[in-house]
Amino acid sequence: MKTRRIAAVLVVLAASFLTNTERVWAICAIDDDCSGQPAPYNQCVNNHCGNASCPAPPPASPVCIPSGGVDDVLFNTNCCSGAAVPGSTCCIYQADWGGTWRSCSQICA
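Our subject in this report is the structure included herewith. (Residues numbered from 1 in each chain as written. Predicted model: local features only at pLDDT ≥ 70, side-chain atom pairs only at ≥ 80, totals over all residues. Heavy atoms only, no water.)

1. Looking at the overall build of the protein
- Looking only at helices and strands, the protein has one helix and five strands in total.
- Starting at the N terminus, the α and β elements of the protein follow one another as α-β-β-β-β-β.
- Going through the 109 residues of the protein one by one, you find that 26% of them count as buried.
- For the protein, restricting intrachain contacts to residue pairs at least 6 apart in sequence, the fraction spanning at least 24 positions comes to 44%.
- In the structure as shown, the protein presents an accessible area of about 7000 Å², 61% of it carried by carbon and sulfur atoms. (Helix = DSSP H or I, 4+ residues; strand = E, 2+ residues; numbered from the N terminus. Buried < 20%, exposed > 50% of the residue type's maximum accessible area, 1.4 Å probe, protein only. Contact = heavy atoms within 4.5 Å. Areas by Shrake-Rupley, 256 points an atom, 1.4 Å probe, with all protein chains shown as cover.)

2. A word on the pairing of strand E5 (residues 104-107)
- As judged from the three bridges shared by strand E3 (residues 70-72) and E5, these two strands associate in the antiparallel manner. Bridge pairing links Val 70 to Ile 107 in E5.
- Pairing between strand E4 (residues 90-91) and E5: two bridges, direction antiparallel. Within E5, the residue paired with Cys 90 across the bridge is Ser 105. (Pairing = 2+ DSSP bridges.)

3. Side note on unusual backbone geometry
- Cis geometry is found at the peptide bond from Ala 39 to Pro 40, where omega equals 0°.
- Within the secondary structure layout, Pro 40 lies in the loop between helix H1 (2-19) and strand E1 (43-45).
- Of note in the backbone geometry, Asn 46 takes a positive phi value of approximately 50° without being a glycine.
- Structurally, the position occupied by Asn 46 is in the loop between E1 and strand E2 (48-50).
- A positive phi is found at Asn 47, a non-glycine position, where the angle reads about 70°.
- Along the polypeptide, Asn 47 turns up in the loop between E1 and E2.
- Relative accessible area serves as the criterion here: at 47%, Asn 47 is assigned to the partly exposed category.

4. Comments concerning the sheet that holds E4
- Reading across the sheet, the three strands line up as E3-E5-E4 and stay open at both edges, with antiparallel pairing between neighbours. Looking at which strands have only one partner, the edges of the open sheet turn out to be E3 and E4.

5. A closer look at the nonpolar core
- Listed in full, the five residues of the largest apolar core are Val 45, Cys 54, Cys 90, Ile 92 and Tyr 93.
- Each residue touching Cys 90, except ones within four places of it in the same chain, is listed here: Asn 51, Cys 54, Pro 55, Trp 97, Ser 103, Cys 104 and Ser 105. (Core = buried A, V, L, I, M, F, W, Y, C linked by side-chain atoms within 4.5 Å.)

Structure representation (structure tokens):
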């Protein structure tokens, strides 16, 4: 009975992994290695498939970011205006969207 339960758990875990591939960082050496990834995450960025057009979040700073500048989404930096341009949020790595948000940034309004 225990063997069947363990097998069932392993099947569920495997199915969960296979259906959640967007959370896995694809490793690459060149852009061609990312050709199977959805746009815009089909470019090689620091050896992981990602969005090279998304600006990297700035390091933490107590100084506010002026209009048009790049702000992180984790509140390590803040826009002077207190707002970001709607729709400007992006992540370098798809797995960070809705997760850790580590590689995500936005443009200050």
